[in-house]
Each structure stands twice: as structure tokens, then as C-alpha cells.
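# Coordinate inspection notes
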Amino acid sequence: MIIDSNNQVASEGFQFKQFYIRHDHCAMKVGTDGVLLGCWATTPSYPSPQGRGIRILDIGTGSGLIARMLMQRFPEAEVEGIDIDVAAVEQARENGVKAFVSSLQEWHSTYDLIVSNPPYFQNSLKNPDKGRQTARHTDTLSYEELMRHSARLLKEGGQLALILPAEAEDEIRQMAAGEGLSLARATRVYSKVSKPARRVLLLFEITKSQGYEITTDSLILENETGGRSAEYQELTKDFYL
């Protein structure tokens, strides 16, 4: 996915303000979805805003984009990434991310925050490129498994942040409830005011207190002239040049 009309993603990588992400050996390139999640995800309420004592896992890390963004935002946190694609893990390491070759189903550790821009095509025509097929389709990581194993790896009070197709929101919320995950925040993403939501950012927590409130809001990516909207610029100001 192209970042927006004001940027072009090079075949080798993409330059952010504080780091460069190479993605030439990854099936999925730097794109808007990953950038949105990396900017939007929050950590549980800890004393240090720098992330001291927090452990973060990026599921399906790819080039390590989201993990690298969280490393910038929470420099004292321990950030790790996992992916089943060996080439992607090597690229994530090249980009400065502590990454491991593993499926989520086989991973065993605990985290305060888990993030993922998961595969999302469930019944569509598969891409002939095997790497892109794995990255884009849910064959190797279904939504059910994503929610079940994320809940398993979260510490008490831990959070799960996802970006998904907007039409998957209701399904994911039902699955999350079945795993003891409560929705804390939902942000619906619109490319333009006149178009329906195309993505949704969801933040779940492993526990829920009485009188729990869900925060819902929206994000529009483009302004009337086709450039970045003011709210999109504000969200990404620490990353985009």
C-alpha cells in the first residue's frame, strides 16, 4: 500500500525522520496500515512514559516497521518481533529489530503490549508470489488463533492493538470477548470523508473493570485537495519527513 499521495515508497526501503526501513527482501512493503498502528498503539499505564519495564511483541513483524516505530516511541521498552518468513526476520534484524523466526502458535513468553497488522484476506484469490500470499492471507494465522494466542501471551492488564479491515470489526470483537479480551478503543479509518471506513484500529485489554468505557473515534487520511489531513499529520508527525 502506498503511504499517501505525497510520498513514494522506494523498492529498497523508506526514510522516516529517525530511521530508515529496508524492505527489499520482504513480501509486504512499508505501507499506511503499519505506520498507522505504529503511531496509534499505546502501552499500559506505567510510571515511565519511556516504556521502562514494558515488553512489546510485534506479531508478523515483516521488515520490523511497527516494532521499530515502537522502539522510537518507547525507548526503554523491550521490543521483539516474530515472523514465519526467514527473509523477513533477517530484514527486521537489519533494521535494528530483535526478531525471531517463529509462528505465534509456537511462541512462549509474556508481554505488556502485543501489536499486529495481521494477514486479512480470508477467501480471496491468492497472489502467485508465495511470500506475499503468506503475508496477506489468513491461512497460517487465522483471526481465531490470533486472538487466542495473543490472550495467552498477555500479562495481567496487558493490551492487544490491531489494524484490520473495517468489515472484520464485529467478528474480531466477538472472538476477543470469548478470550477474555475487552475492547478499550476503536478508531475507524477513512481515506476520505465521502468514503466508508476501510480500516479499523482496535485496542483490547486482558481484564475489564466494572463500568468500563469504550473510546470510539475516527481518522480521515486525506483532506479536500488529496493531501494529508491535519489529524493524519498530527498522528504521524514524529515519523514522516
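Residues numbered from 1 in each chain as written. Predicted model: local features only at pLDDT ≥ 70, side-chain atom pairs only at ≥ 80, totals over all residues. Heavy atoms only, no water.

If you walk across this open sheet you meet the 8 strands as S5-S4-S3-S6-S7-S9-S8-S10, and the pairing is mixed. The open sheet has two edge strands with one neighbour each: strand S5 (98–101) and strand S10 (215–220). Taking the axes of each pair of neighbouring strands and ignoring which way they run, one obtains an average angle of 15 degrees across the sheet. Where strand S4 (residues 78–83) meets S5, 4 bridges bridge the pair, whose relative direction is parallel. Directly across from Glu80, in S5, lies its bridge partner Lys98. (Pairing = 2+ DSSP bridges. Helix = DSSP H or I, 4+ residues; strand = E, 2+ residues; numbered from the N terminus. Axes fitted to C-alpha atoms, helices over the stretch in contact; angles between N-to-C directions.)

To continue, consider the pairing of strand S6 (residues 111–116). Burial within S6 is extensive, with 6 of its 6 residues counted as buried. Bridge count for strand S3 (residues 55–59) against S6 is 4 bridges, and the pairing is parallel. Bridge assignment links Leu57 to a residue of S6, and that residue is Ile114. (Buried < 20%, exposed > 50% of the residue type's maximum accessible area, 1.4 Å probe, protein only.)

So, on to the side chain of Thr236. In this structure, Thr236 sits in helix H7 (residues 230–236). Classification of Thr236 by relative accessible area gives buried; the value is 1%. What Thr236 contacts, discounting residues up to four positions off in sequence, is Val35 and Cys39. (Contact = heavy atoms within 4.5 Å.)

So, about the packing of helix H5 (residues 143–153) against helix H6 (residues 169–178). The description of two packed helices rests on the angle between their axes and on the distance between the axes. One can describe the packing of H5 onto H6 by two numbers: an axis separation of 9 Å at closest approach and a directional angle of 40 degrees. Viewed along their axes, H5 and H6 form a crossing whose handedness is right-handed. Note on element contacts: H6 touches H5 through Glu171, Ile172, Met175 and Ala176, opposite Tyr143, Glu144 and Met147. Here the contact of H5 with H6 is built from residues that sort into 5 nonpolar, no polar and 2 charged. (Left-handed = near helix turned anticlockwise from the far one by under 90°. Nonpolar A, V, L, I, M, F, W, Y, C, P; charged D, E, K, R; others polar.)

Our focus in this paragraph is the nonpolar core. Ranked by size, the top nonpolar core spans 38 residues in total, and within it Phe16, Leu37, Ile56, Val115 and Ala161 carry the most contacts. Dropping the residues within four chain positions of it, Ile56 is found in contact with Thr43, Leu70, Phe74, Ala77, Glu78, Val79, Glu80, Tyr111 and Leu113. Membership of the second largest hydrophobic core comes to 29 residues, among which are Leu104, Ile114, Leu154 and Ala168. (Core = buried A, V, L, I, M, F, W, Y, C linked by side-chain atoms within 4.5 Å.)

To continue, consider the packing of aromatic side chains. Given two aromatic rings, their pairing is described by the distance between the two centres and the angle made by the two planes. In the structure shown here, the tally under the stated rule is 7 aromatic pairs. Between Phe16 and Tyr240, the ring centres sit 6.4 Å apart and the planes meet at 10 degrees, which makes this aromatic pair stacked. Linking Phe16 in the loop between strand S1 (13–15) and strand S2 (20–22) with Tyr240 in the segment after H7, this pair joins segments that are 224 residues apart in sequence. A relative accessible area of 0% means that Phe16 is categorised as buried. With centroids separated by 5.3 Å and ring planes inclined at 35 degrees, the aromatic side chains of Phe100 and Trp107 adopt a geometry described as tilted. Judged by its relative accessible area of 26%, Phe100 is partly exposed. Among the aromatic residues, those joined into a ring-pair cluster are Phe14, Phe16, Phe19, Tyr232, Phe239 and Tyr240. (Phe/Tyr/Trp six-rings, centres within 6.5 Å; stacked < 30°, edge-to-face > 60°.)

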